[in-house]
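Structural description and commentary
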Amino acid sequence: LALVVAVLIGTSIFGAVANDMRSLTRAVRRVGLGEIDTPIEVQRRDEIGELAHNFHRMRHSLFTDPLTGASNRSALQHILTTLTRPLPGQSMAAPFALLFVDLDRFKPLNDRWGHDNGDLALAEISLRLRNLLRPDDVVARLGGNRFSVLLNEIADPQTIGSICEKLLTAFGRPFELGGLNVHVSISIGAAIYPTDGQDSKTLMIASESALYSAKADGRNLYKYYSREMNELGSQLFKLESMLRLAL
């Protein structure tokens, strides 16, 4: 009897371990396919639990900007790919808006106050953006002083305009860095899915083109994408790249 009980207990433990390992394996596979929000259904305090915890931390670091705590470019691309993929039986996925946000004249601020204060400013800017938006919206740092904002299930230009105005107004307030009040304005380019693009790459290009139009018109404002902006955006991108190389 004791042997039978021992075998049953051993089988039960082995089954539980095997189930948790399968769950962890599925999570790893799905994250590899770009499903970054895949839950890890492992609740253990042993080595397997530690393995699941380490995987969770690794996944977080892969898709999070370490400086600001916002999503990074890889996370945004995965999310855009998912959102632009229609559900079975649908010809098009739910509409949404993508904003390209650039900090105006951030390099002089960095040079004047130092890179440490510049990094603090980027972290504060990311936090301010996230606090102004809904929990379902996404703020991603693309690199340098550029951010992207994904507005879930919002495609009405008037609503998008109201959100952009709110962001511009919020950045009219100074940031406190090391006892200093630092003013940083932003420019915004807005693109709408599916009107301005039906895949992540096209939408990113459209929102960036709109951003360059906003910068060309004086900065500290927002612009919607239009087809005519592609050539302007390309010219301004080349000019900005040349200026950066010259500096």
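Residues numbered from 1 in each chain as written. Predicted model: local features only at pLDDT ≥ 70, side-chain atom pairs only at ≥ 80, totals over all residues. Heavy atoms only, no water.

With that out of the way, let us pick up the pattern of salt bridges. Oppositely charged side chains can pair when the atoms bearing their charge come close. A complete count under the given rule lists seven salt bridges for this structure. Among the ionic pairs, R141 bridges to D65, the shortest N-O distance being 3.2 Å. Of this pair, R141 sits in strand β2 (residues 138-143) while D65 sits in the loop between α2 (47-62) and α3 (73-83), placing them 76 residues apart in sequence. Judged by relative accessible area, R141 falls into the buried class, the value being 15%. Among the salt bridges present, the one from D111 reaches K107, with a minimum N-O distance of 2.9 Å. Residue D111 and its partner K107 are located together in helix α4 (residues 106-113), separated by four residues, close to a single helical turn. The structure contains a network of salt bridges with shared partners spanning D102, R146, E208 and K215. (Salt bridge = Lys/Arg side-chain N within 4 Å of Asp/Glu carboxyl O. Helix = DSSP H or I, 4+ residues; strand = E, 2+ residues; numbered from the N terminus. Buried < 20%, exposed > 50% of the residue type's maximum accessible area, 1.4 Å probe, protein only.)

One can find A214 in helix α7 (residues 200-216). Along the sequence, A214 and I186 sit 28 residues apart, while their C-alpha atoms lie 9.8 Å from each other. Residue contacts for A214: discarding those within four places in its chain leaves S187, I188, R219, L221, Y222 and K223. (Contact = heavy atoms within 4.5 Å.)

Here we take up the confidence of the model for the protein chain. Counting all residues, the mean pLDDT for the protein chain is 78, and 67% of those residues have values of 70 or more. In this model residues 1-17 is a low-confidence stretch, pLDDT under 50, and it forms three contacts with partners more than four residues away in sequence or in other chains. (pLDDT = per-residue confidence, 0-100.)

Counted residue by residue, β2 has five buried out of six residues, so it is predominantly covered. Linking β2 back to strand β3 (residues 146-151) in an antiparallel pair, the connection comprises two residues, with G144 at a positive phi of about 60°. (Pairing = 2+ DSSP bridges.)

Moving on: unusual backbone geometry. The omega angle of the peptide bond from Y193 to P194 is 5°, so this bond is cis rather than trans. Assignment of secondary structure puts P194 in the loop between β6 (186-193) and α7. The phi angle at R219 is positive, at roughly 70°, despite the residue not being glycine. Looking at the secondary structure, you find R219 in the loop between α7 and β7 (222-224). Of the residues examined, R219 reaches a relative accessible area of 25% and is grouped as partly exposed.

The five strands lie next to each other as β2-β3-β1-β6-β7, forming an open sheet whose pairing is mixed. Here the strands that pair on one side only, and so sit at the sheet edges, are β2 and β7. Strand-to-strand twist of the sheet, defined as the mean angle between neighbouring strand axes without regard to direction, takes the value 20°. Strand direction decides the pairing type here: strand β1 (residues 96-103) and β6, joined by eight bridges, are antiparallel. Pairing of L98 across the sheet is with A191, part of β6. (Axes fitted to C-alpha atoms, helices over the stretch in contact; angles between N-to-C directions.)

Now for the pairing of β1. Along β1, eight of the eight residues are buried, which leaves the element largely enclosed by surrounding structure. Of the two faces of β1, the one lined by F96, L98, F100 and D102 and the one lined by A97, L99, V101 and L103 are each fully buried. The sheet contact formed by β1 and β3 spans six bridges and is antiparallel. Bridging across to β3, V101 finds its partner in F147.

Core analysis: the largest hydrophobic core is formed by 33 residues, its most contacted members being L99, I125, L151, I160, L167, I186 and I188. Only β1, α4, α5 (115-132), β3, α6 (157-170), β4 (175-177) and β6 provide two or more residues apiece to this core. Counting residues per element, this core draws most heavily on α6, at six residues. Leaving out residues up to four positions away in the same chain, L99 has contacts with F147, S148, V149, L151, I160, C164, L167, I188, G189 and A190. Core analysis: the second largest hydrophobic core is formed by 19 residues, I79, L98, L142 and M204 among them. (Core = buried A, V, L, I, M, F, W, Y, C linked by side-chain atoms within 4.5 Å.)

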